[in-house]
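An overview of the molecular structure
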Amino acid sequence: QVQLVESGGGLVQAGDSLTLSCVASGRPMSRYQMAWFRQAPEKEHEFVAAISRNSDEIYYGDSVKGRFTISRDNAKNTVYLQMNSLKPEDTAVYYCAATDRKYSDYTKASGFDYWGQGTQVTVSS
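Being a predicted model, the structure only gives us computed values, none of them experimental. (Residues numbered from 1 in each chain as written. Predicted model: local features only at pLDDT ≥ 70, side-chain atom pairs only at ≥ 80, totals over all residues. Heavy atoms only, no water.)

1. Structural notes on the sheet that holds strand β7 (residues 68-73)
Within the open sheet, the 4 strands sit side by side as β1-β3-β8-β7. Their pairing is antiparallel. Two strands close off the open sheet at either side, each with one partner strand: β1 (3-7) and β7. Adjacent strand axes in the sheet meet at a mean angle of 15°, parallel and antiparallel pairs treated alike. (Pairing = 2+ DSSP bridges. Helix = DSSP H or I, 4+ residues; strand = E, 2+ residues; numbered from the N terminus. Axes fitted to C-alpha atoms, helices over the stretch in contact; angles between N-to-C directions.)

Structural data, given as C-alpha coordinates:
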(Lines give C-alpha, C1' and ligand atoms only; values in the text may rest on other atoms or scores of the structure.)
Protein backbone atom coordinates (compact mmCIF):
# COMPACT_ATOMS: atom_id res chain seq x y z
CA GLN A 1 0.00 0.00 0.00
CA VAL A 2 1.23 3.48 -0.82
CA GLN A 3 1.15 6.50 1.48
CA LEU A 4 0.88 10.01 0.06
CA VAL A 5 1.95 13.29 1.67
CA GLU A 6 1.26 16.64 0.04
CA SER A 7 3.10 19.90 0.69
CA GLY A 8 3.51 23.35 -0.78
CA GLY A 9 0.15 24.91 -0.08
CA GLY A 10 -0.24 28.41 1.30
CA LEU A 11 -1.76 31.85 0.98
CA VAL A 12 -1.01 33.71 -2.24
CA GLN A 13 -2.43 36.60 -4.21
CA ALA A 14 -4.33 36.37 -7.47
CA GLY A 15 -1.93 36.03 -10.37
CA ASP A 16 0.76 34.35 -8.28
CA SER A 17 2.23 30.91 -8.82
CA LEU A 18 2.57 27.97 -6.46
CA THR A 19 3.97 24.46 -6.77
CA LEU A 20 2.52 21.54 -4.85
CA SER A 21 4.43 18.34 -4.21
CA CYS A 22 3.23 14.88 -3.27
CA VAL A 23 5.69 12.29 -2.01
CA ALA A 24 4.77 8.63 -2.19
CA SER A 25 6.15 6.02 0.18
CA GLY A 26 5.60 2.36 0.90
CA ARG A 27 5.72 1.25 -2.72
CA PRO A 28 7.39 2.69 -5.82
CA MET A 29 5.30 5.49 -7.27
CA SER A 30 6.02 4.14 -10.75
CA ARG A 31 3.33 1.49 -10.10
CA TYR A 32 0.60 4.13 -9.89
CA GLN A 33 -1.39 6.50 -12.00
CA MET A 34 -1.34 9.78 -10.11
CA ALA A 35 -3.70 12.72 -9.92
CA TRP A 36 -4.58 15.93 -8.15
CA PHE A 37 -8.08 16.77 -6.99
CA ARG A 38 -9.34 19.73 -5.02
CA GLN A 39 -12.25 20.38 -2.75
CA ALA A 40 -13.65 23.76 -1.83
CA PRO A 41 -15.94 24.16 1.20
CA GLU A 42 -19.32 22.50 0.68
CA LYS A 43 -18.36 21.26 -2.78
CA GLU A 44 -17.55 17.87 -4.25
CA HIS A 45 -14.06 16.77 -5.17
CA GLU A 46 -13.08 18.45 -8.43
CA PHE A 47 -10.69 16.82 -10.87
CA VAL A 48 -7.59 18.95 -11.48
CA ALA A 49 -5.02 16.82 -13.34
CA ALA A 50 -3.88 13.24 -13.86
CA ILE A 51 -0.69 11.65 -15.17
CA SER A 52 0.02 8.10 -16.26
CA ARG A 53 2.77 5.91 -14.86
CA ASN A 54 5.35 6.91 -17.45
CA SER A 55 3.96 10.42 -18.10
CA ASP A 56 2.79 9.59 -21.62
CA GLU A 57 -0.81 10.49 -20.83
CA ILE A 58 -1.78 13.71 -19.08
CA TYR A 59 -5.26 15.11 -18.47
CA TYR A 60 -6.48 18.40 -17.05
CA GLY A 61 -9.76 19.69 -15.75
CA ASP A 62 -11.30 22.42 -17.89
CA SER A 63 -10.96 25.06 -15.19
CA VAL A 64 -7.17 24.69 -14.96
CA LYS A 65 -6.15 23.97 -18.56
CA GLY A 66 -3.38 26.29 -19.70
CA ARG A 67 -2.60 27.41 -16.14
CA PHE A 68 -1.63 24.24 -14.24
CA THR A 69 0.97 21.62 -15.12
CA ILE A 70 1.23 18.14 -13.62
CA SER A 71 4.52 16.26 -13.72
CA ARG A 72 6.19 13.37 -11.92
CA ASP A 73 9.64 12.16 -11.03
CA ASN A 74 9.47 8.43 -10.38
CA ALA A 75 13.07 8.36 -9.16
CA LYS A 76 12.06 10.76 -6.39
CA ASN A 77 8.61 9.19 -5.88
CA THR A 78 7.16 12.66 -6.26
CA VAL A 79 4.37 14.17 -8.31
CA TYR A 80 4.10 17.92 -8.76
CA LEU A 81 1.41 20.44 -9.60
CA GLN A 82 2.71 23.73 -10.95
CA MET A 83 -0.04 26.33 -10.63
CA ASN A 84 0.26 29.63 -12.49
CA SER A 85 -2.05 32.63 -12.81
CA LEU A 86 -3.91 31.61 -9.68
CA LYS A 87 -7.45 32.88 -9.18
CA PRO A 88 -9.56 33.19 -6.02
CA GLU A 89 -11.75 30.37 -7.34
CA ASP A 90 -8.71 28.06 -7.13
CA THR A 91 -8.99 28.26 -3.34
CA ALA A 92 -9.46 24.72 -2.02
CA VAL A 93 -7.81 21.82 -0.26
CA TYR A 94 -5.69 20.03 -2.84
CA TYR A 95 -5.36 16.26 -2.62
CA CYS A 96 -2.92 13.88 -4.23
CA ALA A 97 -4.39 10.53 -5.31
CA ALA A 98 -3.07 7.25 -6.68
CA THR A 99 -4.37 4.08 -8.23
CA ASP A 100 -2.73 0.91 -9.52
CA ARG A 101 -5.85 -0.23 -11.35
CA LYS A 102 -5.16 -0.88 -15.00
CA TYR A 103 -8.49 0.58 -16.10
CA SER A 104 -10.08 3.45 -14.24
CA ASP A 105 -11.72 6.79 -14.87
CA TYR A 106 -8.82 9.01 -13.99
CA THR A 107 -11.00 12.13 -13.96
CA LYS A 108 -13.20 10.92 -11.12
CA ALA A 109 -12.37 10.60 -7.44
CA SER A 110 -13.89 7.11 -7.49
CA GLY A 111 -11.12 6.07 -9.88
CA PHE A 112 -8.47 6.39 -7.18
CA ASP A 113 -7.78 4.25 -4.15
CA TYR A 114 -5.13 6.09 -2.16
CA TRP A 115 -5.28 9.67 -0.95
CA GLY A 116 -3.10 12.13 0.88
CA GLN A 117 -4.27 14.30 3.75
CA GLY A 118 -4.49 17.43 1.59
CA THR A 119 -2.82 20.82 1.53
CA GLN A 120 -4.70 24.14 1.68
CA VAL A 121 -4.33 26.67 -1.11
CA THR A 122 -5.88 30.08 -0.55
CA VAL A 123 -5.84 32.72 -3.26
CA SER A 124 -6.75 36.25 -2.22
CA SER A 125 -8.13 38.80 -4.66
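2. Looking at the pattern of salt bridges
Summed over all chains, the structure comprises 5 salt bridges. Among the salt bridges present, the one from Arg38 reaches Glu46, with a minimum N-O distance of 2.8 Å. On the basis of relative accessibility, which here comes to 5%, the residue Arg38 falls in the buried class. Residue class for Glu46 comes out partly exposed when judged on its relative accessible area of 31%. Salt bridges here are not isolated pairs; linked through shared partners, they connect Arg38, Glu46, Arg67 and Asp90. (Salt bridge = Lys/Arg side-chain N within 4 Å of Asp/Glu carboxyl O. Buried < 20%, exposed > 50% of the residue type's maximum accessible area, 1.4 Å probe, protein only.)

3. Let's talk about the environment of Val123
Mapped onto the elements, Val123 comes out in strand β11 (residues 119-124). Val123 gets classed as buried once you look at its relative accessible area, which sits at 6%. Along the primary structure Val123 and Arg38 are separated by 85 residues, whereas in three dimensions their C-alpha atoms are 14 Å apart. With residues near it in sequence (within four places) discarded, Val123 still touches Val12, Gln13, Ala14, Leu86, Lys87, Pro88, Asp90 and Thr91. (Contact = heavy atoms within 4.5 Å.)

4. As for the packing of aromatic side chains
By the definition in use, this model includes 6 aromatic pairs. By the ring-pair criterion, three or more aromatic residues cluster together here, those being Phe37, Phe47, Tyr95, Tyr106, Phe112 and Trp115. (Phe/Tyr/Trp six-rings, centres within 6.5 Å; stacked < 30°, edge-to-face > 60°.)

5. Overview of the state of the cysteines
Taken as a whole and assessed by the stated rule, the structure comprises 1 disulfide. The disulfide that involves Cys22 links it to Cys96, with 2.1 Å between the sulfurs. On the sign convention where negative is left-handed, the bridge of Cys22 and Cys96, at about -80° about the S-S bond, is left-handed. In this pair, Cys22 is assigned in strand β3 (residues 18-25) and Cys96 in strand β9 (residues 92-99), connecting sequence segments 74 residues apart. Classification of Cys22 by relative accessible area gives buried; the value is 0%. (Disulfide = S-S within 2.5 Å.)

6. What about the nonpolar core?
When a protein is soluble and globular, its nonpolar side chains tend to lie buried together. Counting residues in hydrophobic clusters, the biggest one holds 28 residues, and the most contacted among them are Leu4, Met34, Trp36, Val79, Leu81, Met83 and Tyr94. The set of elements that each furnish at least two residues to this core consists of β3, β4 (33-39), β5 (46-51), β7, β8 (78-83), β9 and β11. Non-local contacts of Met83, meaning those with residues more than four positions away in its chain, are made with Asp16, Ser17, Leu18, Leu20, Arg67, Phe68, Tyr94 and Val121. By size, the runner-up hydrophobic cluster in this structure holds 7 residues, among which are Ala35, Phe37, Phe47 and Ala97. (Core = buried A, V, L, I, M, F, W, Y, C linked by side-chain atoms within 4.5 Å.)

7. Focus: the pairing of β8
For β3 and β8, the ladder comprises 6 bridges, and the chain directions are antiparallel. In the sheet register, Val23 faces β8, and the bridge partner there is Thr78. The hairpin turn running from β7 into β8, its antiparallel successor, is 4 residues long, and Asn77 in that turn takes a positive phi close to 50°.

Take it as geometry only, folks, not as evidence of what the structure does.
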